Amino acid sequence: PDVQEWGCFCIESLSFLDCNEDKIIDCGGVEAVLNALNRYPHHLGIQWGGCGALRNLLSCSETASATKQGITHKFVHDHGGLATVVRAMERFPSDQDVVLECLILVQNLGAKADVRRVMIESNVGNAVVSALNLYPKNSQVSKEGMRCLKNIFGKP
């Protein structure tokens, strides 16, 4: 799993620059990260780096590229990616880095009604509330968690 861990962190770092995102997506980066997350669900480093990479690569924002919006749709509707994110939050609740990466990823995904519906069906809201309850004094977790809940439940 060392290769997958470093691969996830490399993809996270490379995808931090917008100019690299579509290239990484076109090369199968999202699928590679999702495969590593699912293959090694008990590996903290892979879950942390993988969720961070997905946070950078996935978005439902109207300003996101067509490539990014397309892979986000596949992640949510075809690959069961939300269940993977929830599993990471549930498996590593005491790791603030994993929790925070997952919260930001969920926030990025909650911009469209069809995604929000899948989030509700996948119990993403429960995972977010659990994170908020675990870290009541962490301002970053509180801020991102509340944004997630607003994205999931607060939009018409």
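Here's what I pulled together on the structure shown here. All figures in this text were calculated on a predicted structure; none of them were measured in a lab.

Scoring rules and cut-offs
Residue numbers run consecutively from 1 along every chain, following the written order of its sequence. Only residues with pLDDT of at least 70 are given local features in this predicted model, and only at 80 or more are side-chain atom pairs given and counted; all residues enter the totals for whole chains, interfaces and linings. Hydrogens and water are ignored here; the side-chain numbers use all heavy atoms of the structure. For helices the rule is a DSSP run of H or I covering at least 4 residues; for strands it is a run of E covering at least 2, with both sets numbered from the N terminus onward. Atoms counted for the radius of gyration: C-alpha only. Globule rule: 2.2 Å times residue count to the power 0.38. Accessibility here uses a 1.4 Å probe with only protein chains present; expressed as a share of the type maximum, an area under 20% marks a residue as buried, one over 50% as exposed, and anything in between as partly exposed. Using a 1.4 Å probe, accessible areas were evaluated by the Shrake-Rupley method; residue-level cover was limited to the displayed protein chains. Counting rule applied: Lys, Arg positive; Asp, Glu negative; His and chain ends not counted. Charge coordinates come from a single atom per side chain, which is NZ of Lys, CZ of Arg, CG of Asp or CD of Glu. Definition of nonpolar core: a set of buried residues of the types Ala, Val, Leu, Ile, Met, Phe, Trp, Tyr and Cys, connected through side-chain atoms within 4.5 Å. In what follows, a contact means two residues having at least one pair of non-hydrogen atoms within 4.5 Å. Every angle, taken between N-to-C directions, lies between 0 and 180 degrees, and every axis is a line fitted to C-alpha atoms, over only the stretch in contact when it is a helix. Oblique is the label for any angle not under 35 degrees, not over 145, and not in the 65 to 115 range, which are roughly parallel, roughly antiparallel and roughly perpendicular in turn. In this classification, Asp, Glu, Lys and Arg are treated as charged, Ala, Val, Leu, Ile, Met, Phe, Trp, Tyr, Cys and Pro as nonpolar, and every other residue, Gly included, as polar. In this scheme Phe, Tyr and Trp rings, the latter by its six-membered ring, pair at centre separations within 6.5 Å, and the angle between planes marks the pair as stacked below 30 degrees, edge-to-face above 60, and tilted otherwise. Count a disulfide wherever a pair of cysteine sulfur atoms falls within 2.5 Å.

Regarding its fold elements, the chain presents 10 helices and zero strands. For the chain, the succession of helices and strands along the chain, N to C, is α-α-α-α-α-α-α-α-α-α. Compactness check: the chain gives a C-alpha radius of gyration of 14 Å against a globular reference of 15 Å for 156 residues, within 12% of the reference. Taking the principal axes of its C-alpha atoms as reference, the chain extends roughly 35 × 35 × 25 Å. A buried classification covers 49% of the 156 residues belonging to the chain. Taken as a whole, the chain presents about 7700 Å² of accessible surface, with 54% of it coming from carbon and sulfur. Placing the 15 positive and 17 negative side-chain charges of the chain at their respective mean positions leaves the two points 6 Å apart.

This next bit is on the nonpolar core. The tendency in soluble globular proteins is for nonpolar side chains to be buried side by side. Judged by nonpolar contacts, the single largest core of 46 residues is most densely connected at Phe75 and Leu109. Looking at which element gives the most residues to this core, the answer is helix H7 (residues 96–109), with eight residues. Apart from residues no more than four positions distant in its own chain, phenylalanine 75 is found in contact with Val30, Leu34, Leu54, Leu58, Gly80, Gly81, Leu82, Val85 and Leu109.

Time to look at the packing of helix H8 (residues 113–121) against helix H10 (residues 139–153). Where H8 meets H10, the closest approach of the two axes is 8 Å, and the angle between their N-to-C directions is 110 degrees. The angle between H8 and H10 places the two elements in the roughly perpendicular class. Residue-level contacts link Arg116, Met119 and Ile120 of H8 to Asn151, Ile152 and Phe153 of H10. Its residues assigned to classes, the contact of H8 with H10 comprises four nonpolar, one polar and one charged.

The subject of this paragraph is the packing of aromatic side chains. Evaluated as defined, the whole model comprises one aromatic pair. On the numbers, 5.4 Å between centres and 90 degrees between planes, the contact of phenylalanine 9 with tryptophan 48 is edge-to-face. Placement of the pair is phenylalanine 9 in helix H1 (residues 2–14) and tryptophan 48 in helix H4 (residues 44–57), with a sequence separation of 39 residues.

So, about the state of the cysteines. Evaluated as defined, the whole model comprises zero disulfides. A disulfide-free cysteine, cysteine 10 has its sulfur positioned 9.4 Å from the sulfur of cysteine 8, the nearest such atom. Using a relative accessible area of 42% as the deciding quantity, one classes cysteine 10 as partly exposed. The cysteine cysteine 27 is free of any disulfide, with cysteine 19 supplying the nearest cysteine sulfur at 13 Å. Judged by its relative accessible area of 72%, cysteine 27 is exposed.

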